Amino acid sequence: MSGLIERYRDRLPFGPGDPVVSLEEGSTPLVAAERLSERVGAEVWLKIEGANPTGSFKDRGMTCAVSAAVREGAEAVICASTGNTAASAAAYAARAGLTGAVIVPDGKIATGKLAQALMHGARVVALAGNFDQALTLVRELTQRHPIALVNSVNAFRLEGQKTAAFEIVEEVGEIDALCIPVGNAGNITAYWKGFTEVGVKPRMLGLQAVGAAPLVDGAPVANPETVASAIRIGNPARWEEAIDAMRASHGSIRAVSDDEILDAYRFLASHEGVFCEPASASGVAGLLKYGADGAERVVCVLTGHGLKDPQTALSQAGSVVPCPADIEAVERAVLG
Ligand code: AN7
């Protein structure tokens, strides 16, 4: 195994002698989804990005952003985040021996992500504001101080993330559509770039949560709200690029409700054996809601691991069965 810079160096902006900060990210499983395929009437595959080292697709971008920061002589990295970017930046900063700082919306990031950022030794700032405000402030801060910004406004992030498209094409060849959650719109932009570079043009089907759907509404959302905290974003930094990807690929960007997201989240866990976080299920929710649009082969990107957000999982799952320690009771408890 190797990290993605090593695997795809010829298609990434890194030379042979450049420093590489890697946790052997990428090369994630692409799993056939039989039950989902049956329901949708198409061949559906799941790209399990939760299998990356910190449990989300952000690691693909972060290996590149942090390696480039080291090459440029940076001593510190910073990001605004709904959680996963924070966890990833903190891990790669720790690995590189850099100082990491992350600004997150106070009380609005999933527990696992907070634990990761703290464990990796980042300075975690809980902003009395939302992600969009955090990103604005962090951009201003990096104008004033020599700290590398590792949000997806950083072009190296997209370079790393485009490699997921390479992996899909290498594994299953051409696909007709890609279902992908859209928050700050870096990932949809990166996938489109990756597909374009290998000459494949699947329809890009982006999904946002109804309460945080600026690209669907056509205007920024001042107070975005959704159970899918990772995509609780009201003013995506890669707005134009996402619209370009949608148009150029003859795709769409549509909205799914929190209930539809949670239905897909439970379906994946209970019928496919795949536990992703709520935001990640929005692509599948969109596929279930709107259908495959005539596509024969579809890939859904499951962007983050279900363990990131145990609280939402517990609120959606069945309850445990209490039981005294004797065999009759255990029999009743187990056999129902
Ligand atoms: C699981 O971590 O924006 O459209 O700060 O964590 O590229 O923003 C996370 C985004 C989808 C949306 N799924 O991707 C952050 C952050 C998960 C995510 C998205 C995110 P973009």
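For clarity, every value in this text was computed on a predicted model and none was experimentally measured.

Q: Would you take a moment to explain the packing of aromatic side chains for this structure?
A: Given two aromatic rings, one states the distance between the centres and the angle between the planes to describe the pair. According to the stated counting rule, one finds four aromatic pairs in the structure shown. Seen from their ring centres, Tyr265 and Phe275 are 6.3 Å apart, and the 40° between their planes marks the pair as tilted. Here Tyr265 is found in helix H12 (residues 258-272), whereas its partner Phe275 is found in the loop between H12 and helix H13 (282-290), with ten residues between them in sequence. On the basis of relative accessible area, Phe275 is assigned to the partly exposed category, the value being 33%. The ring of Phe267 carries Arg39 above its face, with NZ or CZ at 4.9 Å from the centroid. Sitting above the plane of the Tyr290 ring, Arg254 keeps its charged end 4.2 Å from the centroid.

Q: Please explain the side chain of Asn187 as it appears in this structure.
A: By secondary structure assignment, the location of Asn187 is in helix H9 (residues 186-197). Not counting residues within four places of it along the chain, the set of residues in contact with Asn187 comprises Phe57, Gln161, Ile180, Val301 and Thr303.

Q: Got a minute to help me understand the environment of Glu331 in this structure?
A: Tracing the backbone shows Glu331 in helix H15 (residues 327-335). Glu331 sits 297 residues away from Glu34 along the chain, and the two C-alpha atoms are 33 Å apart.

Q: Explanation requested: the site of the ligand in the structure shown.
A: Within the structure, the ligand sits among 23 residues, and Asn84, Thr85, Asn184, Ala185 and Thr303 are positioned closest to it. Thr82 places a polar main-chain atom, nitrogen or oxygen, 2.8 Å from an oxygen atom of the ligand. In the environment of the ligand, an oxygen atom lies 2.8 Å from a nitrogen or oxygen atom belonging to the backbone of Asn187. Computed on the free molecule, the ligand has an accessible area of 480 Å², of which 99% lies beneath the protein chains in the complex. For the shell around the ligand, the secondary-structure elements that each account for two or more residues are helix H4 (84-96) and H9. When grouped by side-chain class, the residues that make up the shell around the ligand number nine nonpolar, twelve polar and two charged.

Q: Where do I start with the nonpolar core in this structure?
A: Side chains of nonpolar character tend, in soluble globular proteins, to be buried together. Core analysis: the biggest nonpolar cluster contains 35 residues, and Leu36, Leu46, Leu268, Val284, Leu287, Val298 and Leu302 have the highest contact counts within it. Going through the elements one at a time, helix H2 (34-40), strand E2 (43-48), strand E7 (177-181), strand E8 (203-209), H12, H13 and strand E10 (297-302) are the ones with two or more residues in this core. If one sorts the elements of this core by residue count, H12 sits on top with six residues. Apart from residues lying up to four places away in sequence, Leu302 is in contact with Leu46, Lys47, Ile48, Glu49, Gly50, Leu268, Val274, Cys276, Ser280 and Val284. Ranked by size, the runner-up nonpolar core spans 31 residues in total, among them Cys64, Tyr92, Ala93 and Val102.

Q: Got a minute to help me understand the sheet that holds strand E6 (residues 148-149) in this structure?
A: The pairing of strands in a sheet happens through backbone hydrogen bonds and is either parallel or antiparallel. Strand order in the open sheet made by the four strands is E5-E4-E3-E6, with parallel pairing throughout. Two strands in the sheet have a free side with no partner beyond their single neighbour: strand E5 (123-127) and E6. Alignment of strand E4 (residues 99-105) against E5, held across five bridges, turns out to be parallel. Following the sheet pairing, Ala101 is matched in E5 by Arg123. Here H4 sits on the sheet and contacts strand E3 (76-80) and E4; the angle it forms with E3, its principal contact strand, is near 175°.

Q: How should I be thinking about the domain arrangement of the chain in this particular structure?
A: Note on interface size: it is often stated as the accessible area lost on association of the parts. As assigned here, the chain comprises domain 1 (4-56 + 158-315) and domain 2 (58-155). Domain 1 and domain 2 are separated by 21 Å when their C-alpha centres are compared. Listed by partner, the interface residues are 48 residues for domain 1 and 34 residues for domain 2. Each partner contributes to the roughly 3200 Å² buried at the junction of domain 1 and domain 2, and carbon and sulfur atoms together form 50% of this total. When the buried area of domain 1 at its contact with domain 2 is split by residue, Val21, Arg232 and Lys308 rank highest and sum to 20% of it. In this assembly, domain 1 and domain 2 are joined by four salt bridges. Residues Glu167 and Arg60 are paired through a salt bridge, measuring 2.9 Å at the closest nitrogen-oxygen approach.

Q: What's the story with the sheet that holds E2 in this structure? I'm lost.
A: Ordered in space as E1-E2-E10-E7-E8-E9, the six strands form an open sheet in which the pairing is mixed. Of all strands in the sheet, those bounded by a partner on one side alone are strand E1 (30-32) and strand E9 (252-256). Mean inter-strand twist for the sheet, computed between neighbouring axes without regard to direction, equals 25°. With five bridges connecting them, E8 and E9 associate as parallel partners. Residue pairing in the sheet places Gln208 in a bridge with Ala255 of E9. Packed on one face of the sheet, helix H8 (residues 163-172) meets E1, E2, E7 and E10 and runs near 135° to E2. In the packing of H13 onto the sheet, the strands contacted are E2, E7, E8, E9 and E10, and the crossing angle to E9 comes to about 95°.

Q: How do you make sense of the pairing of E8 when you look at a structure like this?
A: Consecutive side chains of a regular strand alternate in pointing toward one face of the sheet and then the other. Burial within E8 is extensive, with seven of its seven residues counted as buried. Here E8 shows a buried face lined by Arg203, Leu205, Leu207 and Ala209 and a second buried face lined by Met204, Gly206 and Gln208. Where E7 and E8 come together, five bridges link them in parallel fashion. In the sheet register, Leu178 faces E8, and the bridge partner there is Met204. Regarding topology, H9 serves as the crossover connection from E7 to the parallel E8, and that connection is right-handed.

Parameters and conventions
Throughout this document, residue positions are counted from 1 along each chain, in the order its sequence is written. Reporting of local features is limited, given that this is a predicted model, to residues whose pLDDT is at least 70; pairs of side-chain atoms are given and counted only at 80 or more, and all residues count toward the totals for whole chains, interfaces and linings. Each side-chain value is worked out from all heavy atoms of the structure, with water and hydrogens disregarded. Aromatic rings from Phe, Tyr and Trp, with only the six-membered ring used for Trp, were paired whenever their centres fell within 6.5 Å, and each pair was classed as stacked if the ring planes differed by under 30 degrees, edge-to-face if by over 60, and tilted otherwise. Starting at the N terminus, helices and strands are each numbered in turn, a helix being any DSSP run of H or I of at least four residues and a strand any DSSP run of E of at least two. Residue exposure (1.4 Å probe, protein chains only): buried if accessible area is under 20% of the type maximum, exposed if over 50%, otherwise partly exposed. Working rule: Lys NZ or Arg CZ, within 6 Å of ring centre, within 35 degrees of ring normal, means a charge sits over the ring. Residue contacts follow a heavy-atom distance rule, with two residues in contact if any of their heavy atoms lie within 4.5 Å. Proximity criterion: a residue is near a molecule or strand once any of its heavy atoms comes within 4 Å of it. Polar contacts, as counted here, are pairs of nitrogen or oxygen atoms within 3.5 Å of one another; within protein the pair requires one atom able to donate a hydrogen and one able to accept it, and residues that are adjacent in sequence qualify only if both atoms are side-chain atoms. Residue exposure ignores everything except the shown protein chains as possible cover, and the areas themselves are Shrake-Rupley values with a 1.4 Å probe. Classification convention: Asp, Glu, Lys, Arg as charged; Ala, Val, Leu, Ile, Met, Phe, Trp, Tyr, Cys, Pro as nonpolar; all other residues, Gly among them, as polar. In plain words, nonpolar cores are sets of buried Ala, Val, Leu, Ile, Met, Phe, Trp, Tyr and Cys residues tied together by side-chain atoms within 4.5 Å. Here the rule is simple: two strands pair whenever DSSP picks up at least two bridges between them. The convention used is that axes are lines fitted to C-alpha atoms, helices contributing only their stretch in contact, and that angles between N-to-C directions extend from 0 to 180 degrees. Boundaries between domains were set according to an automatic or database domain assignment. Here the quantity called buried area is the total loss of accessible area, with a 1.4 Å probe, experienced by two parts when brought into contact, counted for both. For this document, the term salt bridge refers to a Lys or Arg side-chain nitrogen within 4 Å of an Asp or Glu carboxyl oxygen. Clockwise travel from the first strand over the helix to the second, with the strands pointing away from the viewer, marks a crossover as right-handed.

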